[in-house]
Amino acid sequence: MAIRKKSTKSPPVLSHEFILQNHADIVSCVAMVFLLGLMFEVSPPRAPIFVTLQYNVTLPATEEQATESTSLYYYGIKDLATVFFYMLVAIIIHAIIQEYVLDKINRRMHFSKTKHSKFNESGQLSAFYLFSCIWGTFILISENYISDPTILWRAYPHNLMTFQMKFFYIAQLAYWFHAFPELYFQKTKKEDIPRQLVYIGLYLFHIAGAYLLNLNHLGLVLLVLHYFVEFLFHISRLFYFSDEKYQKGFSLWAVLFVLGRLLTLILSVLTVGFGLARAENQKLDFSAGNFNVLAVRIAVLASICITQAFMMWKFINFQLRRWREHSAFQAPAVKKKPTVTKGRSSRKGTENGVNGTVTSNGADSPRNRKEKSS
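Small disclaimer: the values here were computed from a predicted structure and weren't measured.

Quick notes on the rules
- Residues numbered from 1 in each chain as written.
- Predicted model: local features only at pLDDT ≥ 70, side-chain atom pairs only at ≥ 80, totals over all residues.
- Heavy atoms only, no water.
- Helix = DSSP H or I, 4+ residues; strand = E, 2+ residues; numbered from the N terminus.
- Buried < 20%, exposed > 50% of the residue type's maximum accessible area, 1.4 Å probe, protein only.
- Contact = heavy atoms within 4.5 Å.
- Areas by Shrake-Rupley, 256 points an atom, 1.4 Å probe, with all protein chains shown as cover.
- Axes fitted to C-alpha atoms, helices over the stretch in contact; angles between N-to-C directions.
- Parallel < 35°, antiparallel > 145°, perpendicular 65-115°, else oblique.
- Left-handed = near helix turned anticlockwise from the far one by under 90°.
- UniProt positions renumbered as here; feature names shortened; annotations may be inferred.
- 1 Å grid on protein atoms, 1.4 Å probe; cavity = no way out; pocket = protein on both sides within 12 Å on 5 of 7 lines; lining within 4 Å.
- Points joined across faces, edges and corners; volume = space filled by probe spheres on them.
- Patch = residues over 30% accessible without salt bridge, like charges linked within 9 Å, V, L, I, M, F, W, Y side chains within 5 Å.
- Salt bridge = Lys/Arg side-chain N within 4 Å of Asp/Glu carboxyl O.
- Lys, Arg positive; Asp, Glu negative; His and termini not counted.
- Charge placed at Lys NZ, Arg CZ, Asp CG, Glu CD.
- Core = buried A, V, L, I, M, F, W, Y, C linked by side-chain atoms within 4.5 Å.
- Phe/Tyr/Trp six-rings, centres within 6.5 Å; stacked < 30°, edge-to-face > 60°.

Colleague: Hey, could you run me through the overall build of the chain in this one?
Modeller: In terms of helices and strands, the chain carries 11 helices and 4 strands. Evaluated residue by residue, the chain yields a buried proportion of 35% over its 374 residues. Restricting the contact set of the chain to residue pairs at least 6 apart, pairs at least 24 apart contribute 72%. Surface exposure of the chain reaches about 24,700 Å², of which carbon and sulfur atoms provide 65%.

Now the structure itself:
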């Protein structure tokens, strides 16, 4: 009687390659758990914390402003759950853009590994910067920031936000938090990880600082300004990868980058150094969200100035590297022209050789043919 051997196959496990290839599906399943909990009310007190904005306050209607009541929002600890959920959404959107847009272009262009990673980075960031610029500009126009710049510091603390304002900051925090797992999913090189961590950390530090210190008005204006300049850089790099002769976008970006740093410093000093410094209420009050004290103002201005100086230092190094590469590329193309002397001997030399050197055809000169015939 034959004895059946037991199967020695081990059960499937979540291997490294499996997670990298199916991370979007895994994240989608996790996000669907929260949505199903919200739809079927399996756990009604918990599911809305992840999906909807928390801490809303309904203000009654006034005769001067509006005929209907308005809902405003402030921040709290529950916002971390909302940021976590929309971080999962950002990972899913990242994977969709990568698979259905960037990967198809990469297969057509046949980029090298270095250009492949840079193209993916610029493609993802240009889409995010463009979306954030349009969204932020819509908020600026709808809330009359452009027509009345004093709204940046007037009526501080700005602890109550509209739905669009709070959702914008939640989305910004969620996107930059999603960049941490993307370093693993995109197989980022070890030598590039420190640069990416500094890049992501600076964004999170300034966005979270503006959100927690109730400087959301100033933070929104500076983000839109910065995102527009960064969008121009990354879209120029995308065009450069398709045609390396394209340099106009980088020239325009270089001018706007410097102007953007100057405008950032001017608006920051004008808002924090002059507007908030002249406000009547300058007492530290955590319950009211008032952080308008001298120490906080100095810390805010110092962080902004140090960041702008760091960005200018990186910008100068980038421009010097481009100038060296451009000079090294043009140096081999410049060749010395041969000095042409008068007379038959010089003309005969150029006819029988290249740049004055005799070739094999020199053996068939008229004088040699005469010697052969004799």
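Colleague: Any chance you could explain the packing of helix α5 (residues 163-185) against helix α7 (residues 216-242) here in plain terms?
Modeller: Helices that pack against each other are described as a pair by the angle of their axes relative to one another and the distance between those axes. Interaxial distance between α5 and α7 falls to 11 Å at its minimum, and their mutual angle equals 55 degrees. With respect to each other, α5 and α7 are oriented oblique. Relative to α7, the crossing made by α5 is left-handed. Across from Met165, Phe168, Tyr169, Gln172 and Trp176 in α5, the residues of α7 making contact are Asn216, His217, Gly219, Leu220, Leu223 and Tyr227.

Colleague: Would you mind showing me how to read the UniProt feature "transmembrane region" (unreviewed entry) in the chain here?
Modeller: UniProt records the feature "transmembrane region" (unreviewed entry) for residues 20-40, 83-102, 123-147, 167-185, 197-214, 220-240, 252-274 and 294-316 in the present numbering. A helix fraction of 100% and a strand fraction of 0% characterise residues 167-185, whose end C-alpha atoms lie 26 Å from each other. Across residues 294-316 one finds 100% helix and 0% strand; the C-alpha atoms that close the span lie 33 Å apart.

Colleague: Help me understand empty space enclosed by the protein, please; the structure alone is not making it clear to me.
Modeller: Gaps left between atoms show up when a probe the size of a water molecule is rolled over them. Enumeration according to the criterion identifies 1 cavity of 30 Å³ or more in this entry. Considering only enclosed or pocket space, the largest cavity measures out at about 60 Å³ in volume. Forming the walls of the largest cavity are Tyr156, Leu213, Leu215, Val272, Leu276, Phe291, Asn292, Val296, Arg297 and Val300. For the lining of the largest cavity, the leading source of residues is helix α9 (residues 294-330), giving 3 residues.

Colleague: It is not clear to me how a nonpolar patch on the surface should be interpreted in this structure. Could you clarify?
Modeller: There is a patch of nonpolar side chains on the surface, built from Val255, Val258, Leu259, Leu262, Leu263 and Ile266 and spanning about 510 Å² of accessible area. Tracing the backbone shows Leu262 in helix α8 (residues 248-275). Given the relative accessible area of 47%, Leu262 is considered partly exposed.

Colleague: Help me understand a positive patch on the surface in this model?
Modeller: Residues Lys113, Lys118, Lys189, Lys314, Arg321 and Arg324 make up a contiguous surface patch of positive charge. For the positive patch, the elements supplying multiple residues, two or more each, are α4 (113-142) and α9. Ranked by residues supplied to the positive patch, first place goes to α9 with 3 residues. With respect to the helices and strands, the residue Arg324 is situated in helix α9. For Arg324, a relative accessible area of 51% gives the class exposed.

Colleague: What is the right way to look at the nonpolar core in this model?
Modeller: As a rule of thumb, nonpolar side chains are buried together in soluble globular proteins. Counting residues in each nonpolar core, the largest one holds 44 residues, and the members touching the most others are Tyr129, Tyr169, Trp176, Leu220 and Tyr227. Broken down by secondary-structure element, the contributors of at least two residues to this core are α3 (79-109), α4, α5, α6 (193-212) and α7. Those residues within four positions of Tyr169 in sequence are excluded, and the remaining contacts are Ile207, Ala210, Tyr211, Leu215, Asn216, Gly219 and Leu220.

Colleague: What exactly am I supposed to notice about the packing of aromatic side chains here?
Modeller: Centre distance and the angle of the planes are the two values used to describe a pair of aromatic rings. Counted according to the given criterion, the structure contains 37 aromatic pairs. Pairing Phe128 with Tyr227 gives two aromatic rings, centres 5.5 Å apart and planes at 65 degrees, and the pair type is edge-to-face. One end of the pair, Phe128, is in helix α4; the other, Tyr227, is in helix α7, with 99 residues separating them in the sequence. Pair check on accessibility: Phe128 and Tyr227 agree, each one buried. Ring-pair connections join several aromatic residues into one group, and the members of that group are Tyr73, Tyr75, Phe85, Tyr86, Phe131, Trp135, Phe163, Phe167, Phe168, Tyr169 and Tyr211.

Colleague: Is there a simple way to explain unusual backbone geometry in this structure?
Modeller: Among all residues save glycine, negative phi is the norm, and among peptide bonds the norm is trans. Residue Tyr156 is joined to Pro157 through a cis peptide bond whose omega torsion reads 10 degrees. Of note in this structure, Ala155 is not a glycine but carries a positive phi near 60 degrees. With respect to the helices and strands, Ala155 occurs in the loop between α4 and α5. Residues other than glycine seldom take positive phi values, yet Lys187 does so here, at roughly 55 degrees. Take Lys187: it is sitting in the loop between α5 and α6. Its relative accessible area of 53% is what places Lys187 among the exposed residues.

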